[in-house]
Amino acid sequence: MPLLDEDRLFPVEGRARDLARALYDNVRDLPIISPHGHTDPRWYAEDEAFPDPAQLFVTPDHYVFRMLCSQGVELTDLGVPRVDGGPVETDGRRIWRLFASHYHLFRGTPSRMWLDHSFQHVFGIDRRLTAETADWYYDHIADCLARPEFRPRALFKRFGIEAIVTTEAATDDLRWHRMIRESDWDGRVITAYRPDGVIDPEMDGFAANVALMGQQTGFDTATWQGYLDAHRARRAYFKEFGATSSDHGHPSARTEDLPQAEAAALFQKALRGECSAEEADAFRGHMLTEMARMSLEDGLVMQIHPGSRRNHSGQVMAMFGRDKGFDIPGRTDYVTALRPLLNAVGMRSDLTVILFTLDETSYSRELAPLAGVYPCLRLGPAWWFYDSAEGMRRFREMTTETAGFYNTVGFNDDTRAFCSIPARHDVARRVDCAYLATLVATGRLAEDEAHELARDLTYELAKRAYRL
């Protein structure tokens, strides 16, 4: 028996369901544009086999291990590395058995749908994962991973990926992208410029990162002008490896447009580690406006991902480091926060700033009205905790009336889990087709327009917005 219902996520009502099926059939096999994500470029550069099922599905995926942690499973028992190099479970089969015995926890979640999609469509499995089937699953997936057709480049082609974007720190040497470029493989894997480590004075190693950026570029990053010039040089370096976008994961959406002397003084305080929390936030805000101005110079699309209260557990942060499932959404202001940047560059149609949120209350109140009037703004898709069927539906319902469809940018999967990429895109295609079918069935959209929109939402908008 298949793990997935073929009509999943479609409307229940007959005519709307038939319309959704027809729309989906026309877009289900379109190429995948993955314009923002966190897969490891080393996979594509070296094209080595994934080590085992646990390392593919469990240990690196915070969507998976945060749920298990919530039910008392120790991260060390799932093989999550400790920052001090201390002992953790390394037996993939034991990790997998633990995961399988808790698989019921994922019932009704997006992770369950993504995992079942991967099991069924990537590995050809038609039985449910349980404690009893754990070893069979492990052996079957391990056997598949040993075959050439399950290596990263082969899966890249099989998944129908036209282009995928990874995300690297501003000081990354991009060695894996260089290896990809110098190989004879024709897969399109490009980078995105993520400068948080050299913009946020509250991040560990900020001053050292800024100094390294100076060494990489030859500019004196102990000075304000040298620091800005080093950013320009690094952005140009990233563009050599295909970058079309920058990405900014700030705690808030705050922007500032400070006088240059004031910004320079804040920068010096940041280098000395003397910024207060308010000054650090002001500096981050000013740098968003500087990054927008640089985008007008070099054409990089700018993505702003605010509102995550990162590393909420001090204990987990101390033992396992950053990005271990304890990032929590928080309230986010956009109308007031973005005004300095928008007053500076918001009316420029040659600039694209893509906004994301973890605060759904801001969709209809703030984000849709902003994107519905400022030429530079576009709305990113439902993100992170809301990268789900219900989250995507709410996104469309709360933004379309004010911003329309064409001030949005299609879908991006934002994932570290390679096998979840086709699963996530399939969910987005189904949800969008269901929404369009409902509009047609209720007389708000013509059927031929729905077919055109389905292709736009699946493929065209992402290519256009990210200049791919």
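Residues numbered from 1 in each chain as written. Predicted model: local features only at pLDDT ≥ 70, side-chain atom pairs only at ≥ 80, totals over all residues. Heavy atoms only, no water.

## Considering the overall build of the chain
Thought 1: Within the chain, the regular secondary structure consists of 19 helices and 11 strands.
Thought 2: Here the chain has a C-alpha radius of gyration of 22 Å; the compact-globule value for 468 residues is 23 Å, and the two agree.
Thought 3: With the principal axes as the frame, the chain shows a C-alpha extent of 65 × 60 × 45 Å.
Thought 4: The contacts in the chain between residues at least 6 apart in sequence include a share of 76% that link residues at least 24 apart.
Thought 5: Roughly 19200 Å² of accessible area belongs to the chain as shown, and the carbon and sulfur atoms make up 49% of that amount.
Thought 6: Measuring between centres, the 55 positive side-chain charges of the chain sit 1 Å from its 71 negative side-chain charges. (Helix = DSSP H or I, 4+ residues; strand = E, 2+ residues; numbered from the N terminus. Rg over C-alpha atoms; globule rule 2.2 N^0.38 Å. Contact = heavy atoms within 4.5 Å. Areas by Shrake-Rupley, 256 points an atom, 1.4 Å probe, with all protein chains shown as cover. Lys, Arg positive; Asp, Glu negative; His and termini not counted. Charge placed at Lys NZ, Arg CZ, Asp CG, Glu CD.)

## Some words on the sheet that holds strand β2 (residues 161-165)
Thought 1: Strands sit in the order β1-β2-β4 across an open sheet of 3 strands; the sheet is parallel. Of all the strands in the sheet, the pair left with one neighbour each is β1 (32-34) and β4 (189-190).
Thought 2: Sheet topology places β1 next to β2; 3 bridges connect them, and they run parallel. Paired with Ile-33 across the strands is Ala-163, a residue of β2. (Pairing = 2+ DSSP bridges.)

## Focus on the pattern of salt bridges
Between side chains of opposite charge, pairing is possible as soon as their charged atoms come close.
Thought 1: Enumeration over the complete set of coordinates arrives at 41 salt bridges.
Thought 2: The partner of Asp-426 in a salt bridge is Arg-8, with the nearest N and O atoms 3.1 Å apart. A residue pair is termed long-range when its members are at least 10 positions apart, and Asp-426 in helix α18 (residues 420-441) and Arg-8 in the segment before α1 (14-27) qualify at 418 residues.
Thought 3: According to the relative accessible area criterion, Asp-426 is buried, its value standing at 10%.
Thought 4: Ionic pairing is found between Glu-397 and Arg-393, a salt bridge with its closest N-O pair at 2.9 Å. (Salt bridge = Lys/Arg side-chain N within 4 Å of Asp/Glu carboxyl O. Buried < 20%, exposed > 50% of the residue type's maximum accessible area, 1.4 Å probe, protein only.)

## A word on the packing of aromatic side chains
Thought 1: Counting across every chain of the model gives 38 aromatic pairs.
Thought 2: Relative to Tyr-137, the ring of Phe-119 has its centre 5.0 Å away and its plane inclined at 75°; by these criteria the two rings are edge-to-face. One end of the pair, Phe-119, is in helix α6 (residues 110-122); the other, Tyr-137, is in helix α7 (residues 134-145), with 18 residues separating them in the sequence. Considered together, Phe-119 and Tyr-137 belong to a single accessibility category, that of buried residues.
Thought 3: One aromatic cluster is present, formed by Phe-57, Trp-96, Phe-99, Tyr-103, Phe-106, Phe-119, Phe-123, Trp-136, Tyr-137 and Phe-150 through successive ring pairs.
Thought 4: Above the face of the Trp-136 ring, Arg-127 is positioned so that its terminal group lies 3.8 Å from the ring centre.
Thought 5: One Lys or Arg, Arg-424, reaches over the ring of Trp-114 and ends 3.7 Å from the middle of that ring. (Phe/Tyr/Trp six-rings, centres within 6.5 Å; stacked < 30°, edge-to-face > 60°. Lys NZ or Arg CZ within 6 Å of the ring centre and 35° of its normal.)

## Side note on the nonpolar core
Thought 1: One finds Trp-224, Tyr-227 and Leu-436 to be the most contacted residues of the largest nonpolar core, which totals 99 residues.
Thought 2: Looking at this core element by element, the count peaks at 10 residues for α18.
Thought 3: Every residue in contact with Leu-436, bar those within four places of it in the chain, is listed here: Leu-23, Phe-405, Leu-445, Ala-450, Leu-453, Ala-454 and Leu-457.
Thought 4: Residues Val-80, Tyr-103, Phe-156 and Val-316 belong to the second largest nonpolar core, which totals 50 residues. (Core = buried A, V, L, I, M, F, W, Y, C linked by side-chain atoms within 4.5 Å.)

## Re the pairing of strand β7 (residues 301-304)
Thought 1: A two-sided burial pattern is seen for β7, the buried positions comprising Val-301 and Gln-303 on one face and Met-302 and Ile-304 on the other.
Thought 2: In this structure, strand β6 (residues 245-248) lies alongside β7, joined through 4 bridges in parallel fashion. When the bridges of β7 are listed, Asp-247 appears paired with Gln-303.
Thought 3: As defined by bridge partners, β7 adjoins strand β10 (residues 353-355) across 3 bridges and the pair is classed as parallel. Within the sheet, the bridge partner assigned to Gln-303 lies in β10 and is Ile-354.

## Points about the packing of α18 against helix α19 (residues 447-465)
Thought 1: Look at α18 against α19: their axes get within 10 Å of each other, and the N-to-C directions meet at 160°. On the basis of their axis angle, the class for α18 and α19 is roughly antiparallel. The interaxial crossing formed by α18 with α19 has right-handed handedness. Residue-level contacts link Arg-429, Asp-432, Cys-433, Leu-436 and Val-440 of α18 to Glu-447, Ala-450, Leu-453, Ala-454, Leu-457 and Thr-458 of α19.
Thought 2: In the contact of α18 with α19, the residues fall into 7 nonpolar, 1 polar and 3 charged. (Axes fitted to C-alpha atoms, helices over the stretch in contact; angles between N-to-C directions. Parallel < 35°, antiparallel > 145°, perpendicular 65-115°, else oblique. Left-handed = near helix turned anticlockwise from the far one by under 90°. Nonpolar A, V, L, I, M, F, W, Y, C, P; charged D, E, K, R; others polar.)

## Overview of the packing of α1 against α18
Thought 1: Running from N to C, α1 and α18 cross one another at 135°; their axes reach a closest spacing of 8 Å. Here α1 lies oblique to α18, going by the angle between them. For the pair α1 and α18, the sense of crossing is right-handed. Along its contact with α1, which presents Arg-15, Ala-16, Leu-19, Ala-20, Leu-23, Tyr-24 and Val-27, the element α18 presents Asp-426, Arg-429, Arg-430, Cys-433, Ala-434, Leu-436, Ala-437, Val-440 and Ala-441.
Thought 2: The class makeup of the residues in the contact of α1 with α18 is 12 nonpolar, no polar and 4 charged.

## Regarding helix α10 (residues 206-217)
Three- or four-residue spacings in an α-helix give side chains the same orientation, since the helix completes a turn every 3.6 residues.
Thought 1: With 12 residues, α10 extends 17 Å from end C-alpha to end C-alpha; this agrees with the ideal 16 Å at 1.5 Å per step.
Thought 2: Residues of α10 that are buried in the fold lie against β5 (193-194), α11 (224-240), α12 (260-271) and α13 (277-298).
Thought 3: With its phi angle positive at about 85°, Gly-218 sits one or two positions after the end of α10. (Expected span 1.5 Å × (residues − 1).)

## So, the domain arrangement of the chain
Thought 1: According to the domain assignment, the chain consists of domain 1 (14-50 + 149-466) and domain 2 (51-148).
Thought 2: Taking only C-alpha atoms into account, the centre of domain 1 sits 27 Å from that of domain 2.
Thought 3: If you look at the interface, domain 1 gives 32 residues, while domain 2 gives 29 residues.
Thought 4: Together domain 1 and domain 2 conceal approximately 2700 Å² of surface at their shared face, both sides included; 66% is due to carbon and sulfur atoms.
Thought 5: For domain 1, the biggest contributors to the area lost against domain 2 are Phe-50, Phe-150 and Phe-320; these three give 25% of the whole.
Thought 6: Across the domain 1-domain 2 interface, the total number found is 0 salt bridges.
Thought 7: Where domain 1 packs against domain 2, one counts 11 residue pairs in polar contact (both at pLDDT 80 or more).
Thought 8: Going through the elements one at a time, α8 (152-158), α14 (314-320) and α18 are the ones with two or more residues in the side of domain 1 that touches domain 2.
Thought 9: Broken down by element, the side of domain 1 that touches domain 2 gets its largest block of residues, 6 residues, from α18.
Thought 10: Looking at the side of domain 1 that touches domain 2 residue by residue, the class counts come to 19 nonpolar, 4 polar and 9 charged. (Domains from an automatic or database assignment. Buried area = accessible area lost by both parts, 1.4 Å probe. Polar contact = N/O pair within 3.5 Å; in protein donor to acceptor, adjacent residues only side chain to side chain.)

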